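What follows is each chain in one-letter form.
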Amino acid sequence: MDGEMTGITLTLLKDLAQLSATIGNNAMLSQGAGGNTSIKIDSTLWVKASGFWLQNASIEDIFVPLELKAVRRLIDSGSDYGIQYSVVDKRITSRPSIEATLHALLPQKVILHCHSIRALSFAVRTDSNFVLGERLKGLNWATVPYCRPGMPLTLAVKKVLCEKLPNVLILENHGLVVAAENCQAVQALLNEVETRLNRPKRTCISPDINLLLAIAAGSNYRLPIHEICHSLATSPISSEIVEGGSLYPDQVVFLGVNVTAVSRDEIFNYLSGAYKLAPFILIRGMGVLVKKDISPNAEEMIHALALVCIHIENKDGLKYLSATEEKELLGWEAEQYRISLQLNK
Ligand SMILES: [Zn+2]
């Protein structure tokens, strides 16, 4: 491919890689393989490949070139089945992001979609439109009702575009989209949105690490990499939020549904029992343990969940995904692919 690419294309892709890596390295914006970026250069849509991490954009080839017209035809047909056939170079085997149609739909040249913690902490509220209206006043923005990521979400955005052409989208129970004509403008707009959505995180008591280490000793569990994960159990508000249900797709896809929470008295029973082991356990009031063989993606998703919860004041007024929406995500073939890709690495 390199030989066929013009200098301009290479420069633009380098800009996109840099933007992607910056976002990927910020836990408040992107976690694991979540989030994706793209650029339209002439008739080609370069979009992040499924399963790749934005933070690796500067060190590996994470973008797949697609024929823009072909992807837009899929949007018209209402199905993204066969999107692999729109890959420009047939030798490429990596699969385009499940959000590729969303990137193709938006007319702006550079699109960033991420699971911003700040945006999510608002996008999971029933009154998100009202609160965001205050915070984003003066920006060209819109909210998009929750729809399963992939074609259903793209079609929901298409509906929004019938009325206006925003460059900031808040996806309910999902995340953020920022669009502009170049990477610098996307970065600037993202900074503006993040500043407006910023609010202090709640303070939580520190966990007793030695006690948790003693509990985990000899079990299938260990302590999480990110210490803030313990807040899911040490903060009663965070526990209540996370035990209330699923807030957004990546939580369901990587961590499953129904958080396992036990009391201090129950934990040894759990660890020695013949239960189907949960990816992570909240020991109420004490801290969090994660399964030793958890995938790097899932580990980052626990981190994200802790960050989202700690930025929410209380459980009141939150909207959770319905059982049907959870089921739809768990049976989702494209996401299964993304997980298997990560496990194979
Ligand atoms: Zn997403």
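Along each chain, residue indices are assigned from 1 in the same order as the chain's sequence is written. For this predicted model, a pLDDT threshold of at least 70 governs which residues receive local features, and a threshold of 80 or more governs which side-chain atom pairs are given and counted, while totals over whole chains, interfaces and linings are taken from all residues. Side-chain measures here rest on the full set of heavy atoms in the structure, leaving out hydrogens and waters.

## Re the overall build of the chain
Helix and strand labels come from DSSP, where a helix needs a run of H or I of at least four residues and a strand needs a run of E of at least two; each type is numbered from the N terminus. Check the secondary structure of the chain and you find 15 helices and eleven strands. Our radius of gyration looks at C-alpha atoms and nothing else; its globule reference is 2.2 Å times the residue count to the power 0.38. Expected size for 345 residues packed as a compact globule is a radius of gyration near 20 Å; at 20 Å, the chain falls within 12% of this value. Counting only C-alpha atoms and orienting by the principal axes, one finds that the chain spans roughly 60 × 45 × 35 Å. Here the term buried applies to any residue with accessible area under 20% of the maximum for its type, exposed to any over 50%, and partly exposed to those in between, with areas from a 1.4 Å probe on protein chains only. Taking all 345 residues of the chain together, 57% fall into the buried category. In the chain, of all internal contacts separated by at least 6 residues, the share reaching a separation of at least 24 is 71%. Note on areas: Shrake-Rupley, 1.4 Å probe, and residue coverage restricted to the protein chains presented here. Carbon together with sulfur atoms contributes 53% to the accessible area of the chain, which is approximately 15000 Å² in total. Contacts between residues were defined by any pair of non-hydrogen atoms, one from each residue, lying within 4.5 Å.

## Overview of unusual backbone geometry
One non-glycine residue, D42, adopts positive backbone phi at about 55 degrees. With respect to the secondary-structure elements, D42 resides in the loop between β1 (36-41) and β2 (44-48).

## As for the packing of helix α1 (residues 7-24) against helix α7 (residues 183-197)
Two quantities define a packed helix pair, namely the angle between the axes and the distance from one axis to the other. Where α1 meets α7, the axes come as close as 9 Å, and the angle between the chain directions of the two elements is 20 degrees. One way to sum up the angle between α1 and α7 is to call them roughly parallel. Contacts between α1 and α7 involve D15, L16, L19, T22 and I23 from the first element and C183, Q184, V186, Q187 and L190 from the second. Residue polarity follows a fixed list, in which Ala, Val, Leu, Ile, Met, Phe, Trp, Tyr, Cys and Pro are nonpolar, Asp, Glu, Lys and Arg are charged, and the others, Gly among them, are polar. When the residues that make up the contact of α1 with α7 are grouped by side-chain class, the tally is six nonpolar, three polar and one charged. Every axis in this analysis is a line fitted to C-alpha atoms, fitted for helices over the stretch in contact. Angles between the N-to-C directions lie between 0 and 180 degrees. For this classification, under 35 degrees means roughly parallel, over 145 means roughly antiparallel, 65 to 115 means roughly perpendicular, and everything else is oblique.

## So, the sheet that holds strand β9 (residues 260-262)
Here, a strand pair is defined by DSSP locating no fewer than two bridges between the strands. Pairing in this open sheet of four strands is mixed, and the strands run β8-β11-β10-β9 from one edge to the other. Where the open sheet ends on each side, the last strands, each with one partner, are β8 (221-222) and β9. With three bridges connecting them, β9 and strand β10 (residues 280-283) associate as parallel partners. For V262, the partnering residue across the bridge sits in β10 and is I283.

## Quick notes on the sheet that holds strand β5 (residues 141-144)
Either a parallel or an antiparallel arrangement is found when strands of a sheet pair, and the pairing is made through backbone hydrogen bonds. The seven strands are arranged β3-β2-β1-β4-β7-β6-β5 in an open sheet whose pairing can be described as mixed. The strands lining the two open edges of the sheet, one partner per strand, are β3 (63-67) and β5. Along the sheet, successive strands turn relative to each other by an average axial angle of 15 degrees, direction set aside. One ladder, built from four bridges, connects β5 with strand β6 (residues 168-171); its direction is parallel. Pairing of V144 across the sheet is with L171, part of β6. Lying over the sheet, helix α5 (residues 128-135) contacts β5 and β6, oriented at roughly 165 degrees with respect to β5.

Interpretation note: all reported values are geometric properties and have no functional meaning in isolation.
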